[in-house]
Amino acid sequence: MPLILAVNAGSSSLKISLFQRQANDLPRLLLTSSTSSISSPPAKFNFEVIDVPGSESTSSGNKESVEEGIRDHESAFEHFVQRLSRLNLELSQIRNVCHRVVHGGNYLEPVAITEQTYHHIERLHNGAALRVIHAAMAVLPNSRSTAFFDTAFHKHLPPHVVAYAIDQNVARKRGLRKYGFHGLSYAFITRSVAQYLGEDPSQLNIIALHIGSGASACAIRGGKSIDTSMGLTPLSGLPGATRAGDIDPSLIFHYTSQASLDVENGGRILSHKGEAAREVHISDAERILNTEMGWKALAGTTDFGEIVRKAFPRSVSEKPDDNEHALAFNLLLDRILHFVGAYHLVLQGHVHALVFAGGVGEHSVELRSKVGEAVSCLGFAAVDERANEGVEEKKGVVVDIGNTGQCGKRVLVCRTDEQGEMARECSTIEDFW
């Protein structure tokens, strides 16, 4: 049976799903695996058999194990293949290995990995994905490795959305433009929501929120991205677990300055004296803004669940933390509302649904409730708190959390699946088979 391996490499994680290609139907999920804490060992490995003929299902219960031998993404992939080889499967049946690659630059469609395309992708700083691609080509030499780009979904962005207000000759020469990210997730959301609502995807208008440790928003009109919050890199737009999101570009220079504070009119301002200036290298600026900011800087944790628990304690005996945890929650809420409001205008109010996805979007009852409360003035159905709190128990890819007794735009949760989207697209490309 022809198999598809879909690989999603994060900065410190590796998620893999195995699918069987089916004629005239979506690929069938056979098993999933995840490896976490790769960059902060010991790594944790999870392997769940769902529907492999001749193999016992392990989809119930916790199958996580601590693996001292996993040191990096390459060894994580090798460990997965070793575990896979114990099942009633032939590795030679894996015809295609699909790799999620965050930045595709000018690539608008999936591309098979060759020496030339590998080096093109390498220049776009796709470190984790490249390491896994290298391992896959070594461990599964007879399988085709193909890159699927998060940026490709945003290929229809209008010129005025893509451009920054800078010299366009320099911009074109250096590729300085908005690319947008989380595209595989948005493609899955668009298709799944259209199916759920019984709409033709080419007629679907939604505002989608992929909120996880990396967070973004996207305005989708007629099934195509017309604006999105991330830009040249995933750093811009909404704040994330360790990313600052949108800030004044000059902030980083003041943030890293060693200058003392001047007192002026009773306030404290940074010195602009030339002798106090400190040169900040671009790599330092990107590292700080990508890895030392966000919820981590505000609340001391990257766990949004912890932020919610401390900002909104459920017990009357607990005192709400009205400082850093509430600040982190309210700041994210505020930035989300800015984009939802803007995209509602961009779509001229013609919106079928507001859709929550991603780890936080799919699991944070409180965030969905607060966003839903705020957007009801735009004609969205009020959030049904019982439905909102019961999302985890509901089956299906899409769950409606709006008050079904009300007319209006829908409020939905979509369990996004980037691996599933890659497998689906791979199965439809006849040249790959």
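Residues numbered from 1 in each chain as written. Predicted model: local features only at pLDDT ≥ 70, side-chain atom pairs only at ≥ 80, totals over all residues. Heavy atoms only, no water.

Asker: Looking at this structure, I do not really get the pattern of salt bridges. What am I missing?
Answerer: As a working rule, side chains carrying opposite charge can pair if their charged atoms are close by. This model, assessed by the stated rule, comprises 13 salt bridges. Between D150 and R100 there is a salt bridge, and its shortest N-O distance comes to 2.6 Å. Taken together, the positions of D150 in the loop between β8 (144-149) and α4 (159-162) and R100 in strand β6 (residues 94-101) put the pair 50 residues apart, joining distant regions of the chain. Overall, the relative accessible area of 13% leaves R100 in the buried class. Salt-bridge contacts for E292 lead to R287; the nearest nitrogen and oxygen are separated by 2.7 Å. (Salt bridge = Lys/Arg side-chain N within 4 Å of Asp/Glu carboxyl O. Helix = DSSP H or I, 4+ residues; strand = E, 2+ residues; numbered from the N terminus. Buried < 20%, exposed > 50% of the residue type's maximum accessible area, 1.4 Å probe, protein only.)

Asker: Explain the packing of helix α6 (residues 183-197) against helix α15 (residues 418-428) to me, please; I cannot follow it from the model alone.
Answerer: How two helices pack is summed up by the angle between their axes together with the distance between the axes. Two elements in contact, α6 and α15, have axes whose closest approach is 8 Å; the angle formed by their N-to-C orientations is 80°. In this view, α6 runs roughly perpendicular relative to α15, as classed from their interaxial angle. Counted together, L184, S185, A187, F188 and R191 of α6 and E418, E421, M422 and R424 of α15 form the full contact between these two elements. For the contact of α6 with α15, the per-class residue count stands at 4 nonpolar, 1 polar and 4 charged. (Axes fitted to C-alpha atoms, helices over the stretch in contact; angles between N-to-C directions. Parallel < 35°, antiparallel > 145°, perpendicular 65-115°, else oblique. Contact = heavy atoms within 4.5 Å. Nonpolar A, V, L, I, M, F, W, Y, C, P; charged D, E, K, R; others polar.)

Asker: Would you mind going over the environment of E286 with me for this structure?
Answerer: You can see E286 is positioned in helix α8 (residues 282-291). In this structure the C-alpha to C-alpha distance between E286 and I252, which are 34 residues apart in sequence, comes to 9.4 Å.

Asker: Can you walk me through the sheet that holds strand β15 (residues 398-400) in this structure?
Answerer: The strands making up a sheet associate through backbone hydrogen bonding, with each pair oriented either parallel or antiparallel. Within the open sheet, the 6 strands sit side by side as β11-β10-β9-β14-β16-β15. Their pairing is mixed. Among the strands making up the open sheet, the edge pair consists of β11 (224-228) and β15. Sheet twist, expressed as the average angle between the axes of neighbouring strands with direction ignored, equals 25°. As defined by bridge partners, strand β14 (residues 353-357) adjoins strand β16 (residues 410-414) across 4 bridges and the pair is classed as parallel. Residue A353 lies in a different strand from β16, and its bridge partner there is R410. The strands that helix α13 (residues 365-375) touches are β9 (205-211), β14 and β16; relative to β14, the one it contacts most, it runs at about 165°. (Pairing = 2+ DSSP bridges.)

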